[in-house]
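Survey of secondary and tertiary structure
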Amino acid sequence: MKRFGFVIIAIIALLCFAGCNSQYLLYCEIPNYDKVIGGVVPIPDKGDQTPSPPEVPDGSGKPDEEPSTPILPDDVPLITGYEPIIGQGADLPSDFGKNSLTPFTIGENRFLLDKCGKRFGAPSDLTALCYDKYIFEESGLKGVKSADGTLLIKAKYAKIDIVKNTILAANGEVIHIFDASMTDAAGNVMLVSEVSGGRFSAVSLYDEKLVAADGVLCGLNFRPRIFGGFSAVGESGGYAIVKDGNERLGFFDTVSGKLTVKPRYAAASFFVNGYAAVCETLGGENIIIDTDGRAVARFSGNTYGFYDGYMFADDEKTGGLKLFDGEFCDTGLKFGDVLGKRVHGDFVIDTLRGRLFSVSKREYVSTAFSDIVPTVGGFICKNDGRAQLVDFDLNTVCEAEDIRADGDVLNVRLNGRYYYFAPIERK
């Protein structure tokens, strides 16, 4: 009964969750998400370590100007393999992969900082940016403004999702889809489509081109995505999970336009590096299949994504995890819990011990840390209010008060200021 309940919850996550293909969604938890629909991620609590307000250069440029070369202070750290993308930092880390600006405060004043360290006045009601837009509230209802405070959508909605220039705004039984890149004759943000009458009980943006409505993928016009006569419930990596009239699941190759696995499963996950996990019956054994639908392995417990030639599966005897190799053979390695339930290159992050484990050496290769986070080219390791970036050879690349990763951008806090770095090879 316990496994049956887990699989039911996971199926709901699979049908509703948008944009995550990092694990077999059916058989893994989704950490750091308050809810599946809409993908709301809680902001980490910085506790009492909030840095003092930074000194920033004056700037008179506009946010849409071409960035100039950052003017760097003498104490900026040098990070091998990375280059700075901002000169002097904000008091908060920011995802520059999603936004061209980041909000910060000096005393009671709110500003916006671009990637070159120029600052601009920020709207008083701005709290956090989402694709260079932000959601504001008036009288308990939500609207959308651009980063400079320009009104895009009036505050008259209960729920708003933003993915790039696509905005989903819902209020009761009415759902509107807007395209923020276009305006109508009156200068208002273009209304792309509308659906009303309580047609859907759960709707969210799947990505900038798709909507997840009651577990079925639809275009922005709310017409269901149909592949080979079957409704799609998810798309990832060139494959769509489709279902028939009996709610059985299969796979459709969206590149070749062929149904590669006929709908026959009660539950299914996305393909990860060529393999997916399926169940013929809820609570039944987990079957690993390839993209042609051939069964390559079977497990009685939950299984997780196939990464870097390895896959984790539940150890039903101990309640921990077993590691299997590329042939799905048991390596004999067992762990209590592993971050992301995956291998990063040659390393496993043992969350219970707070240490890095080398699979090839079959031994722990780091001291204990309070937190270890994988990033591009290595790991961020934290202890006692200090952070260090180490590469895959376990060499220390940088030490600072704090280091955070937003995609491939590093947020490094030094002397109370955040500096931003991107991998040199990203250019």
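This text goes with the structure placed above it.
This structure is a prediction, so every number in the text was calculated from the model and none was measured. (Residues numbered from 1 in each chain as written. Predicted model: local features only at pLDDT ≥ 70, side-chain atom pairs only at ≥ 80, totals over all residues. Heavy atoms only, no water.)

**A closer look at unusual backbone geometry**
The phi dihedral of phenylalanine 328 falls on the positive side, at around 60°, and the residue is not glycine. The topology assignment puts phenylalanine 328 in the loop between β26 (321-324) and β27 (330-335). Accessibility expressed as a relative area gives 11% for phenylalanine 328, which makes it buried. Phi at arginine 362 takes a positive value of approximately 55°, unusual for a residue other than glycine. Note that arginine 362 resides in the loop between β29 (355-358) and β30 (363-364). (Helix = DSSP H or I, 4+ residues; strand = E, 2+ residues; numbered from the N terminus. Buried < 20%, exposed > 50% of the residue type's maximum accessible area, 1.4 Å probe, protein only.)

**Structural notes on the pattern of salt bridges**
Counting across every chain of the model gives 15 salt bridges. Between arginine 342 and aspartate 308 there is a salt bridge, with the nearest N and O atoms lying 3.8 Å from each other. Here the residue arginine 342 occupies a position in the loop between β27 and β28 (347-350), and aspartate 308 occupies one in the loop between β24 (303-307) and β25 (310-314), the gap between them amounting to 34 residues. A relative accessible area of 42% places aspartate 308 in the partly exposed class. (Salt bridge = Lys/Arg side-chain N within 4 Å of Asp/Glu carboxyl O.)

**Regarding the environment of serine 146**
Tracing the backbone through its elements, the reader meets serine 146 in strand β6 (residues 141-146). Measuring from C-alpha to C-alpha, the distance between serine 146 and lysine 133 comes to 4.3 Å, with 13 residues separating the pair along the chain. Setting aside chain neighbours within four positions, we find serine 146 in contact with Asp132, Lys133, Tyr134 and Leu152. (Contact = heavy atoms within 4.5 Å.)

**Focus on the nonpolar core**
Within the largest apolar cluster, 23 residues are counted, with the highest numbers of intra-cluster contacts made by Phe251, Val278 and Ile289. Sorting the residues of this core by element identifies β13 (210-213), β16 (230-236), β17 (239-243), β18 (249-253), β19 (258-265), β21 (275-279) and β22 (286-290) as the ones contributing at least two each. (Core = buried A, V, L, I, M, F, W, Y, C linked by side-chain atoms within 4.5 Å.)

**What to know about the pairing of strand β37 (residues 417-423)**
Of all the seven residues making up β37, seven are buried; the element is thus mostly covered by neighbouring parts of the structure. Side-chain alternation along β37 places Arg417, Tyr419, Phe421 and Pro423 on one buried face and Tyr418, Tyr420 and Ala422 on a second face that is also buried. In this structure, strand β36 (residues 409-414) lies alongside β37, joined through five bridges in antiparallel fashion. Residue pairing for β37: leucine 410 is matched across the bridge by phenylalanine 421. (Pairing = 2+ DSSP bridges.)

**Some remarks on the packing of aromatic side chains**
How two aromatic rings sit relative to each other is given by the distance of their centres and the angle of their planes. In this structure the tally under the stated criterion is 15 aromatic pairs. With centroids separated by 4.6 Å and ring planes inclined at 50°, the aromatic side chains of phenylalanine 251 and phenylalanine 271 adopt a geometry described as tilted. Here phenylalanine 251 is found in strand β18, whereas its partner phenylalanine 271 is found in the loop between β20 (267-268) and β21, with 20 residues between them in sequence. Exposure class is identical for phenylalanine 251 and phenylalanine 271. Each is buried. Ring centres of phenylalanine 357 and tyrosine 364 lie 5.0 Å apart, and the angle between their planes is 80°; this geometry places the pair in the edge-to-face category. When its relative accessible area of 6% is taken as the criterion, phenylalanine 357 is described as buried. One residue, lysine 145, lies across the ring of phenylalanine 136, its end atom 4.6 Å from the ring centre. One Lys or Arg, arginine 342, reaches over the ring of tyrosine 307 and ends 4.1 Å from the middle of that ring. (Phe/Tyr/Trp six-rings, centres within 6.5 Å; stacked < 30°, edge-to-face > 60°. Lys NZ or Arg CZ within 6 Å of the ring centre and 35° of its normal.)

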